[in-house]
Amino acid sequence: MVRSVESRSRRGYAPPRGPEVRVGLTYDLKDDYLALGFSEHAVAEFDSLATIDAVAGALESLGHEIERIGHVRSLAARLVAGVRWDLVFNIAEGAAGFGRESQVPALLEAYEIPYTFSDPLVCALTLHKGMAKHVARGCGVATPNFALVATVEEAAAVTLPLPLFVKPVAEGSSKGVTAKSLVTSRAGLIEVCAELLQEYRQPVLVEEFLSGREFTVGILGTGDDARALATLEVVLREGADEGVYSYRNKVEWHELVAYRLLDAGAMRREVEEVALATWRCRGCRDAGRVAVRLDAAGRPQMLEVNPLAGLTPGYSDLPIMAALKGMEYRALIGEILRCTAARLASDAERAAAA
């Protein structure tokens, strides 16, 4: 019998029980897409086999049985075949469309299987940076003034004051962000927007450039239980693309970027307050990170949110900040699972009381 959407919502998902949990692992593997003819740049958001090995190894070391599932089509085939898991650890980014990060969560919800990280609505909302900024502003979170550009004519009509920062509206891993993203003239704005519209086939986000320091805040938990793991300052070295956390700077971070934990004090409190307000107003869950930058007056403003933060050891921001705090990679994965279990238990209690 097919249960109604209403009855599913009332009941919620029960948290996995027992010390050993059967965990499915969903992901997009770079090699799979390269074999299909995708370019290296197109697969920048996807994970290497080394990352999948690291996540799976951490989960296994915590005592869980792991099944590597892969991308959304592989997940769909297993579900149709009747395969089930106690929990799915989801780091799949999806390959196309504004809803690509929502595909795996939506499919798991259809089969009532609990999973880590944010739900389909949050994943779609945060991927589209323009919509995410509208919601943040509606919740009173500070974010730079912006415009969405879908044509060259719209780029020419932008009236925001220079300098401006330009990037694709729905890409991750700093794809589409280069030294040219910081524009100081109307001609430069039109040129860069035209290039991005041609290459990425999606609207372009144009926002007022914030000239202050840049941070990324790691978040653990959900709702009122969410807390800042750490705040990492992004400091560009000599030779880096100036003023921007570009794709080149991120890929070559060992030579071009210094990551420093922000010391306790008023500045960190203010930055983390903006990050946590952003996280909570979007409904983000379990773990992720929020990018924050200071304006010319030193006031923190939200840039964007990543509810599916990268987990590559020694490369992704969340593992880097955990390591700088003295938290081993295994402990980070364990803390993410703890946050997921606490959220599922809370959801189940609310559903039972309804």
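Look a little higher up for the structure.
On a predicted model such as this, the values are computed, not experimentally measured, just so you know.

Chemist: Give me the lowdown on the side chain of threonine 143, citing residues and values where you can.
Modeler: For threonine 143, the position within the fold is in the loop between α7 (129–138) and β4 (146–149). You can call threonine 143 buried: its relative accessible area is 5%. Within the local environment of threonine 143, its side chain forms a polar contact with the backbone oxygen of methionine 302, the two atoms lying 2.8 Å apart. The residues touching threonine 143, leaving out its near neighbours within four places in the chain, are Lys133, Arg137, Gln301 and Met302.

Chemist: Outline the packing of aromatic side chains, listing residues and values.
Modeler: Scanning the model with the defined rule gives 5 aromatic pairs in all. Residues tyrosine 33 and phenylalanine 38 carry aromatic rings whose centres are separated by 5.2 Å and whose planes lie at 75 degrees to one another, so their mutual orientation is edge-to-face. Judged by relative accessible area, which is 8%, tyrosine 33 ranks as buried. Look at phenylalanine 38 and you get partly exposed, because its relative accessible area is 32%. An angle of 75 degrees between the planes, with centres 6.5 Å apart, marks the rings of tyrosine 245 and tyrosine 259 as edge-to-face.

Chemist: Lay out the packing of helix α3 (residues 49–61) against helix α14 (residues 329–353) with the relevant residues and their values.
Modeler: The interhelical angle for the contact between α3 and α14, taken along N-to-C directions, is 75 degrees, at an axis separation of 9 Å. Classified by the angle their axes make, α3 and α14 are roughly perpendicular. For the pair α3 and α14, contact is made by Ala54, Val55, Ala58, Leu59 and Ser61 and by Tyr329, Arg330, Ile333 and Leu337, respectively. For the contact of α3 with α14, the residue count by class is 7 nonpolar, 1 polar and 1 charged.

Chemist: Explain the sheet that holds strand β6 (residues 182–183) residue by residue, including any values.
Modeler: Strand order in the open sheet made by the 4 strands is β4-β7-β5-β6, with antiparallel pairing throughout. For this open sheet the edge positions go to β4 and β6, each flanked by a neighbour on one side alone. In this sheet, β6 lies alongside strand β5 (residues 164–168) in antiparallel orientation, the contact comprising 2 bridges. Following the sheet pairing, leucine 164 is matched in β6 by valine 183.

Criteria and cut-off values
Residues numbered from 1 in each chain as written. Predicted model: local features only at pLDDT ≥ 70, side-chain atom pairs only at ≥ 80, totals over all residues. Heavy atoms only, no water. Helix = DSSP H or I, 4+ residues; strand = E, 2+ residues; numbered from the N terminus. Buried < 20%, exposed > 50% of the residue type's maximum accessible area, 1.4 Å probe, protein only. Polar contact = N/O pair within 3.5 Å; in protein donor to acceptor, adjacent residues only side chain to side chain. Contact = heavy atoms within 4.5 Å. Phe/Tyr/Trp six-rings, centres within 6.5 Å; stacked < 30°, edge-to-face > 60°. Axes fitted to C-alpha atoms, helices over the stretch in contact; angles between N-to-C directions. Parallel < 35°, antiparallel > 145°, perpendicular 65-115°, else oblique. Nonpolar A, V, L, I, M, F, W, Y, C, P; charged D, E, K, R; others polar. Pairing = 2+ DSSP bridges.

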